[in-house]
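If you want the building blocks of each chain, they are given just below.
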Amino acid sequence: MHTHDTHEQHGHGESELGNRYISEHYYYVDIAPYPTTPWGKFSRALKRTLRGELFVGLWVVLREMFKFDIHTVQYPKEKLLVGPRYRAVHAMQRLFESGTERCIGCGLCEKICISNCIRMETRLDEKSRKEVSEYTINLGRCIFCGYCAEVCPELAIVHGPRYENVSEQRAHYIDYAGMLTPIDMAISGEQKEFDGFGAVTPHEDARVKQTPLAY
Amino acid sequence: MSIHFTIDGRSVSAKRGESILQVARREGIYIPTMCYLPKTTPNASCRMCVVEVEGVSGFVLSCNTPPVEGATIRTDSTALFKERQNIMKLYNVNHPLQCGVCDKSGECDLQNKTLEFEVSEQSFATKEQKRKNKKWGVLSYDPYLCIMCEKCTAVCNQVVGSEALYIKPGGYKSEIDNHYSRCIQCGECISVCPVGAMASTDFEYTANVWELRKIPSACAHCSSACNLNYEVKEIGIDSGKGEQKIYRVTNEADHDALCGAGRFGYDFENRVSCKDERAFAKVLKAFKEAKTIRFSSMITNEEAYLLQQLKERHGYRLINPEARVYQKFLRAFSSVSGVSLYGGDLKRVAQSDYAIVMGCAVSSDNPMVRFALARAVNNNKAYVGLFHPIEEEGLRNIVTQHLKHEVGSEEALMALLCDAFVPSEVKKSHVSFFESLDVGYICGESSVGEEEIERLVRQRVRKKAPVLVLGADLYAHPRADNIAKMAGLLERFGGFEVVIVPSDTNTMGVALICDLDDEALSPVIGYNAQGDCVLSALGGSDLDMPALNQQEGTFTTVDKEVVPLNAALPYHGYELSDIANALGIVLKHVIDLTCKLPKEKGYKEVAFDDLPNRYLNHGVQIRGYMLEPLHVSCEENIGVIADIQEYNGTILYRCNPISQFNLFTDKTHQINDRAVILGSSQFAEAAKIKSGEEVRFVIDGRAMSRKFQVSSKLKGTVAYHPDFDSFEKSAAYRYQKVTFERV
């Protein structure tokens, strides 16, 4: 029994209520009523056994085996791209061209961290600028919530895409030197810009306001 | 007489001389300000404090306008908000957007008010000037961050009295500059700076303000025991057990001042890893044999009381020469004044309009005496007369009349003051004393002219609040007893409020609590002092003790207040109370003794945890409690003054550089004055030595050798000889004749 009519009726009512989960292309599947009598149940079992549905399944497998365009990802050899908002172990970015570390030592990531796993020490460097002398993330405590990357005003601390971590302790996953983009990569422009939470949105340039009379 | 008016519909009343803003603050009504600093006179440059007064067109500056009877004032309206918002927009012109790295971020006035008045963008800009960051010792100045509120110059002139900071004018180019030779490195300018322009060189970029835990306590370096906050944080990432250190010291800068020693001399803690049981056993054995305990006045009231109990129980002699002479002086003073304590305090000095100072190295003995005098001069146009043999360049903005006298003539000069200020009917009961005064002789021998004294006396006319400040030169004077009695006479009948400045941190407490002895019997236990067995908070002794920033307890200050001291850092070793416990005095914490301090000396039965330590909105400090002044019988007569002794030749004056008080300040990493003899070029000529030469000499029976340096800030024929670099504190007269021997 096709149920276009009932669907129309339902759909009308729902769309009035604004139920965005029901599309106009939805329809009810034709499902035979469940057998209630012992005889009915027996005859259903008999039908299912003798109709050879088992071989249908076997045929599909056999057919796909010889078609050679398999959809399975061949994991260690093949890797899926992770989404830009994926939050794996952290990375520290550098500025393009100069290769200077982006981190200015403002301490916001330390402050916002809800599992209290970030600690940094800062000092005055020879150029009278604030310099980060020590930076650690206790990955044993980190819950990978992404707040640090979101709050960072310099897009310095970000979440990397590297999800393959094998160790006895999470602390071994990465250290500061490992998080930091290698300087030659930064200078040659190979460093990938972060697109996740806290990143600059594509239309940000248009939103920047100039100070009137700025020299 | 009070003035009644309303602010925001609330009826309030003002005393004469109070501004609208002061009344509002007292009543807890909020008026935003940027340049207003309650402890100085308003400079009225920011215009944020504007209010609306009914019937008056335009806005009125609340910081320098006194209210009129019946006025109706509004502190908030749309127009006022717009006005203040516009002011904030102008403050933000070209202000660097570097809050992320600025030290002030999180406690910045500009940041707070920018958010409060919803300035979300910089709507104006101007051509940036080329400016240079400056570094003046402990102080760093970033002109780009400076908003020219002038708070720093105001404190430097009015509170510190050194007039080092000034404004280099030039419109948008103007910036702050420093007459560096006048700067005493107190850091007051840092504490009042609303933005990050004036920063501590040492603290810069080491911690964010929100990571620091504030521990309110009392400064441990001089008898003012100023209120301060130790700000602590973990030492670093790899400190392991989360060991903490003090990163900086702050205070309630709007209302109170702090000197350089308090602000920068904080890291004198004694780090020990554990209880050293063997050393403890050894010291305990020494205690069982010892007959004397020698100690310094760098001690809390509770520990002093504990020593007194040990004396009562085990018969130790208690030796503290410096507190002993103070104790004798105070007793002699009250034997004439009739009250156990002197009547004045430094708050009264700051409010006075006439001050005579005698026997006190004003800048270095107790910097708060200097600050109080500077405030008196600037706020009340006070007349300050200073009796001192050494003229100091740095005091010329504070001292109105310097009465430079010969060394040793203090008694005679005090007698002249008595002669001038004690009413004639009182003089009748001290006939022999007053009749024997030979003014001509005194003036001749002390080389203070008669007309100088006359000028000083004449200025006293029509002054409402005269004070007399006495310093440590007098306590060990050969004629100290008589000087104290004359001071007592001046307080009782001369109309003066006297302040007898205690010579060390808790000299007052020790003098009141302990029964001190004059002669030591060996073997001697030294507690932060010399002895056969030494307990020291500096480390490297027979047993380590906690330093004063690791202890809880109370101090008795120059203001006769009992103020709480909190531990900024933990201490893992043995304390004096452990020794007392082992010697049969059972107590759990040393602060259990706070309520047991002797009531017969004026202490009150208040538990340590009940001692308040806070400020009210309008700056009134509620801290600890005041000692109760008690009446004592007065019978003693004043002796006839002795002949003035002559001090000729090479005279050294025991006096430390500003901010250096003792071995503890010497230990701190930001206070680096070296122990050298400082003298004028005139002194160098007379003593036939050159700047930079090493000399050997004997002083108070102790042979020592020191470097000599000529200081252009000094005049006269007496040189400064520091004693901060030694445990051995002399209680002899501060001026000593020596013979130099070139090394």
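> Would you mind going over the packing of helix 12 (residues 410-421) of chain B against helix 15 (residues 439-446) of chain B with me for this structure?
Each packed pair of helices is defined by two parameters, the angle between the axes and the distance between the axes. All names here are of chain B. Their axes nearest at 10 Å, the elements helix 12 and helix 15 cross at an angle of 140°. Between helix 12 and helix 15, the angle falls in the class oblique. As helix 12 packs across helix 15, the resulting crossing turns out to be left-handed. Between helix 12, through A412, L413, L416 and D419, and helix 15, the contact on the second element is made entirely by V439, I442, C443 and S446. Among the residues making up the contact of helix 12 with helix 15, the classes are represented as six nonpolar, one polar and one charged.

> Please clarify how the nonpolar core should be interpreted in this entry.
One broad rule of soluble globular proteins: the nonpolar side chains tend to lie buried together. Residue and element names in this part refer to chain B. Ranked by internal contacts, the top residues of the largest apolar core, which has 161 residues, are F287, M414, L417, L470, I500, L535 and I579. The contacts of L535, once residues within four sequence positions are left out, are V283, F287, I525, G526, Y527, N528, S541, L543, M545, L576 and I579. Of all hydrophobic cores here, the second largest spans 34 residues; its members include M48, V138, L145 and C156.

> Please explain the domain arrangement of chain B as it appears in this structure.
Split into domains, chain B comes out as domain 1 (2-91), domain 2 (277-320 + 514-611), domain 3 (327-500) and domain 4 (651-742). In this structure, domain 1 of chain B and domain 2 of chain B have C-alpha centres spaced 51 Å apart.

> Sorry, what's going on with the sheet that holds strand 23 (residues 543-544) of chain B here?
Sheets are built from strands paired through backbone hydrogen bonds, the pairs being either parallel or antiparallel. All names here are of chain B. On the basis of which strands lie adjacent, the open sheet formed by five strands has the order 15-14-21-22-23 and parallel pairing. At either end of the open sheet lies a strand with only one pairing partner, and these are strand 15 (317-319) and strand 23. Two strands pair when backbone bridges link them, and strand 14 (residues 292-295) and strand 15 are joined in this way by three bridges, in the parallel orientation. Note on strand 15: the bridge partner recorded for R294 is I319.

> For this particular structure, what's the right way to read the pattern of salt bridges?
A side chain with one charge may pair with a side chain of the opposite charge, provided their charged atoms come close. All names here are of chain B. Evaluated as defined, the whole model comprises 49 salt bridges over all chains. Note that D723 is salt-bridged to K729, the shortest N-O span being 4.0 Å. On the basis of relative accessible area, D723 is assigned to the buried category, the value being 11%. A relative accessible area of 30% places K729 in the partly exposed class.

About the thresholds
- All residue numbers refer to position in the chain's written sequence, counted from 1.
- Ligands are numbered from 1 and chains lettered from A, in the order in which they are written.
- In view of the model being predicted, local features appear only for residues whose pLDDT reaches at least 70, and side-chain atom pairs are presented and counted only at 80 or more, with totals across whole chains, interfaces and linings using the full set of residues.
- Excluded from the side-chain calculation are hydrogens and water; included are all heavy atoms of the structure.
- Where helices are involved, their axes are fitted lines through C-alpha atoms of the stretch in contact, as for all axes, and angles between N-to-C directions lie from 0 to 180°.
- By definition, any uninterrupted DSSP run of H or I lasting at least four residues is a helix, any uninterrupted run of E lasting at least two residues is a strand, and each is numbered from the N terminus.
- With respect to orientation, any angle under 35 degrees is reported as roughly parallel, any angle over 145 as roughly antiparallel, any angle of 65 to 115 as roughly perpendicular, and every other angle as oblique.
- In this scheme the handedness of a crossing depends on how the near helix is turned from the far one: anticlockwise by less than a right angle means left-handed, clockwise means right-handed.
- Residue contacts are defined here by distance: any two heavy atoms, one from each residue, within 4.5 Å place the two residues in contact.
- The classification used treats Ala, Val, Leu, Ile, Met, Phe, Trp, Tyr, Cys and Pro as nonpolar, Asp, Glu, Lys and Arg as charged, and all other residues, Gly among them, as polar.
- Nonpolar cores were defined as sets of buried Ala, Val, Leu, Ile, Met, Phe, Trp, Tyr and Cys residues, with membership established by side-chain atoms within 4.5 Å.
- Any residue under 20% of the maximum accessible area for its type is buried, any over 50% is exposed, and the rest in between are partly exposed; the area is computed with a 1.4 Å probe on protein chains only.
- All the domain ranges listed were derived from an automatic or database domain assignment.
- Any two strands with at least two DSSP-identified bridges between them are counted as paired.
- What makes a salt bridge here is a side-chain nitrogen of Lys or Arg within 4 Å of a carboxyl oxygen of Asp or Glu, nothing more.

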